[in-house]
Amino acid sequence: MDSKMKAKYLKDVILSKYKSIRQFAVEMGIPYSTLVTALERGIDGMAYSTVIRICEALSLNPVDLSPLEDGDELASQITTKKVMDKYWKLNKAGRKRVLDILEDYTMIPAYLETEEEAFS
């Protein structure tokens, strides 16, 4: 898929999930003009970090724009990186608190992954 086809596909996905390109741009914190230009001319000139943010918001694989499922390894890696980025922004007390909360949640059956969820 060439850059313009990717851009058209992204536009279609955005419009299937949001009322407008403008609404998506506002929610993503991306200048509307930047997004429109990228969707008209192709996304190859767009900053990589912006493409990643867009793909993450739309649950798309940033490599080939295929839909990500919750169990996809790439989706898992993106989620893990997002969590760890936030974790490392915390000070020592904040990190300890997060780990304590995670420990508490692993003792609540409603929040534990079932075998079916693990293999789906």
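What you see is a predicted model; the values in this text were computed from it and never measured.

Visitor: I'd love a proper account of the overall build of the protein, names of residues and values included.
Guide: Looking only at helices and strands, the protein features 7 helices and 0 strands. Starting at the N terminus, the α and β elements of the protein follow one another as α-α-α-α-α-α-α. Its C-alpha atoms give the protein a radius of gyration of 18 Å, more than 25% over the compact-globule value 14 Å for 120 residues. Overall, the C-alpha framework of the protein stretches about 50 × 35 × 25 Å when taken along its three principal axes. Each of the 120 residues in the protein was classed as buried or not, and the buried ones make up 25%.

Visitor: Got a sec to walk through the packing of aromatic side chains? Specific residues and values, please.
Guide: Evaluation of the coordinates by the stated rule reveals 3 aromatic pairs. Ring geometry for Tyr 87 against Trp 88: centres 5.0 Å apart, planes inclined by 80°, an arrangement best described as edge-to-face. A relative accessible area of 56% places Trp 88 in the exposed class. Between Tyr 105 and Tyr 111, the aromatic rings sit 4.8 Å apart at their centres with planes inclined by 45°, giving tilted as the arrangement.

Visitor: Explain helix 3 (residues 32-41) residue by residue, including any values.
Guide: Given 3.6 residues to a turn, an α-helix orients residues that are three or four positions apart in the same direction. Every buried residue of helix 3 is listed here: Leu 35, Ala 38 and Leu 39. Across the axial projection of helix 3, the buried residues extend over an arc of 95°, all falling on one side. The exposed residues of helix 3 that point more than 90 degrees off its buried face are Glu 40 and Arg 41. Two residues or fewer after helix 3 comes Gly 42, characterised by a positive phi angle close to 115°.

Visitor: Lay out the nonpolar core with the relevant residues and their values.
Guide: Counting residues in hydrophobic clusters, the biggest one holds 21 residues, and the most contacted among them are Leu 10, Ile 14, Phe 24, Leu 35, Leu 39, Ile 54 and Leu 58. Counting residues per element, the ones that place at least two in this core are helix 1 (3-17), helix 2 (21-28), helix 3 and helix 4 (48-58). For Leu 58, the residues in contact, after removing those within four places along its chain, are Leu 10, Val 13, Ile 14, Lys 17, Tyr 18 and Phe 24.

Visitor: Tell me about the environment of Phe 24, and name the residues and values.
Guide: Mapping Phe 24 onto the fold places it in helix 2. Those residues within four positions of Phe 24 in sequence are excluded, and the remaining contacts are Ile 14, Tyr 18, Leu 35, Ile 54, Ala 57 and Leu 58.

Visitor: I'd like to hear about unusual backbone geometry, residue by residue, with values.
Guide: A positive phi is found at Ser 59, a non-glycine position, where the angle reads about 55°. Structurally, Ser 59 is set in the loop between helix 4 and helix 5 (73-89). Judged by its relative accessible area of 36%, Ser 59 falls in the partly exposed class. Residue Leu 65 is not a glycine yet carries a positive backbone phi of 65°. Mapped onto the elements of the fold, Leu 65 is located in the loop between helix 4 and helix 5. Under the relative-accessibility criterion, Leu 65 is labelled buried at 3%.

Visitor: Got a sec to walk through the environment of Met 107? Specific residues and values, please.
Guide: Inspection of the secondary structure assignment puts Met 107 in the loop between helix 6 (92-105) and helix 7 (115-118). Separated by 94 residues in the primary sequence, Met 107 and Val 13 have C-alpha atoms spaced 38 Å apart.

Here is what the cut-offs are and how they apply
Residues numbered from 1 in each chain as written. Predicted model: local features only at pLDDT ≥ 70, side-chain atom pairs only at ≥ 80, totals over all residues. Heavy atoms only, no water. Helix = DSSP H or I, 4+ residues; strand = E, 2+ residues; numbered from the N terminus. Rg over C-alpha atoms; globule rule 2.2 N^0.38 Å. Buried < 20%, exposed > 50% of the residue type's maximum accessible area, 1.4 Å probe, protein only. Phe/Tyr/Trp six-rings, centres within 6.5 Å; stacked < 30°, edge-to-face > 60°. Arc of directions from axis to C-beta. Core = buried A, V, L, I, M, F, W, Y, C linked by side-chain atoms within 4.5 Å. Contact = heavy atoms within 4.5 Å.

By themselves, these observations are geometric and do not establish any function.
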